[in-house]
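# Close look at the chain arrangement
One-letter residues, chain by chain:
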Amino acid sequence: MDVLYKAHATASGGGRAGGRSRTDDGKIDVSLSVPKAMGGDDGPGSNPEQLFAAGYAACYLGALRLVSKDAGTPVGPDTQVHSGIGFGKNDHGEGFNISVDLKVTDHGLDQATIDALIEKAHQVCPYSNATRGNVDVALSAE
């Protein structure tokens with residue numbers, strides 16, 4: 001792969017449990033807390049799943065805009081991608097795993113067209129390519 005850009009971040013402290021995560025340029029600097037559902041105190045910080053959800057939604061929306069424009073059927077300007085990142089025990093080995101739900105809304109296209117485009121975007125999106133075969137990803141559009 002010819003790397004066009006590389007992001008850098010550092011986690012410190014307790015990691016997901018009371019730690020901090022910061023990019024080298026300081027554009028992202030977040031405290032971390034564990035949600036109650038995962039046995040934590042539901043503190044004021046974010047968590048890795050929220051950060052992944054935000055990144056995946058943004059990346060997938062970019063891929064969807066690209067493939068829809070290339071297909072001659074661009075999604076509307078109000079298009080949104082809602083991502084849900086599930087966290088749980090790994091059914092296929094030790095440790096934990098995640099699942100992903102991506103839902104596209106306000107796209108302005110008929111169902112058959114958007115269904116084809118969300119599949120195509122899933123082939124183009126770097127997050128989808130990074131998780132393919134290891135993470136269950138459910139795609140939908142309404």
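Everything discussed here concerns the structure shown above.
Here's a quick rundown of the structure. Along each chain, the written sequence defines residue order, and numbers are assigned to residues from 1. It should be noted that, the model being predicted, local features are given only for residues of pLDDT at least 70 and side-chain atom pairs only at 80 or more, the latter also being counted only at that level, while totals for whole chains, interfaces and linings use all residues. As a rule here, side-chain values cover all heavy atoms of the structure and leave hydrogens and water aside.

This part takes up unusual backbone geometry. You will see that aspartate 42, though not glycine, has its phi angle at about 55°, which is positive. Along the chain, the position of aspartate 42 falls in the loop between strand E3 (29–31) and helix H1 (48–70). Residue aspartate 106 is not a glycine yet carries a positive backbone phi of 55°. Look at aspartate 106 and you get partly exposed, because its relative accessible area is 46%. Going along the chain from the N terminus, every DSSP run of H or I of four or more residues is numbered as a helix, and every run of E of two or more is numbered as a strand. For every residue, the accessible area obtained with a 1.4 Å probe (protein chains only) is divided by the maximum for its type, and the residue is called buried under 20%, exposed over 50%, and partly exposed between those limits.

To estimate how far a helix should extend, the number of its residues minus one is multiplied by 1.5 Å. Between its first and last C-alpha, H1 extends 33 Å over 23 residues, near the 33 Å set by a 1.5 Å rise per residue. For H1, every residue scored as buried is listed here: Glu49, Ala53, Gly55, Tyr56, Ala57, Cys59, Tyr60, Ala63, Leu64, Val67 and Ser68. Contact partners of the buried residues in H1: strand E4 (80–89), strand E5 (96–105), helix H2 (111–124), helix H3 (126–131) and strand E6 (136–141). Any pair of nitrogen or oxygen atoms within 3.5 Å is treated as a polar contact; in protein, a donor-acceptor pairing is required on top of that, and neighbouring residues in sequence qualify only through side-chain atoms on both sides. You can read the cap of H1 off the contacts: a side-chain oxygen lies 3.0 Å from the backbone nitrogen of glutamate 49, and it is on asparagine 47. One or two residues past the end of H1 sits glycine 72, with phi positive at roughly 80°. Contact criterion: two residues are considered in contact whenever any of their non-hydrogen atoms come within 4.5 Å of each other.

For the rest of this paragraph, the subject is the pattern of salt bridges. Salt bridges, as used here, are contacts in which a Lys or Arg side-chain nitrogen is within 4 Å of a carboxyl oxygen on Asp or Glu. Enumeration according to the criterion identifies three salt bridges in this entry. Measuring nitrogen to oxygen at the nearest pair gives 2.7 Å for the salt bridge that ties arginine 20 to aspartate 29. Overall, the relative accessible area of 37% leaves aspartate 29 in the partly exposed class. For arginine 22, the salt bridge is made with aspartate 29, and the minimal N-O distance between the two is 3.7 Å. Since its relative accessible area comes to 38%, arginine 22 is described here as partly exposed. Beyond isolated ion pairs, a larger network of salt bridges with shared partners links Arg20, Arg22 and Asp29.

This brings us to the nonpolar core. Generally speaking, soluble globular proteins have nonpolar side chains that are buried together. Residues grouped as a nonpolar core are buried Ala, Val, Leu, Ile, Met, Phe, Trp, Tyr and Cys residues, joined through side-chain atoms within 4.5 Å. Judged by nonpolar contacts, the single largest core of 22 residues is most densely connected at Tyr60, Leu64, Val104, Ile114 and Ile118. Mapped by element, the contributors of at least two residues to this core are H1, E4, E5 and H2. The greatest single-element share of this core, amounting to eight residues, is contributed by H1. In contact with leucine 64, not counting residues within four places along its chain, are Val75, Thr79, Val104, Ile114, Leu117, Ile118 and Ala121.

On to the side chain of serine 33. Relative to the helices and strands, serine 33 resides in the loop between E3 and H1. Classification of serine 33 by relative accessible area gives buried; the value is 9%.

Two strands are said to pair when DSSP picks up at least two bridges between them. An order of E4-E5-E6 is seen for the three strands of this open sheet, with the pairing classed as mixed. The sheet is open, and its two borders are formed by E4 and E6, each paired with just one other strand. Across the sheet, the axes of successive neighbouring strands diverge by a mean angle of 15°, strand direction being ignored. Against the sheet, H1 engages E4, E5 and E6, with an angle of about 140° to E4. Across the sheet, H2 lies against E5 and E6, angled at about 150° from E6, the strand it touches most. To get an axis, a line is fitted to the C-alpha atoms, and for a helix only the part in contact is used. The angle between two axes follows their N-to-C directions and goes from 0 to 180 degrees.

Right, let's talk about the packing of aromatic side chains for a bit. Between the rings of Phe, Tyr and Trp (Trp by its six-membered ring), a pair exists once the centres lie within 6.5 Å; its type follows the angle of the planes, with under 30 degrees stacked, over 60 edge-to-face, and the other angles tilted. Across all of its chains, the model carries four aromatic pairs by this definition. Taking the centre distance of 5.1 Å and the plane angle of 20° together, the rings of phenylalanine 87 and phenylalanine 96 count as stacked. When its relative accessible area of 53% is taken as the criterion, phenylalanine 96 is described as exposed. Ring pairing ties together the aromatic residues Phe52, Tyr56 and Tyr127, which thus form one cluster.

These figures come from the coordinates and say nothing about function on their own.
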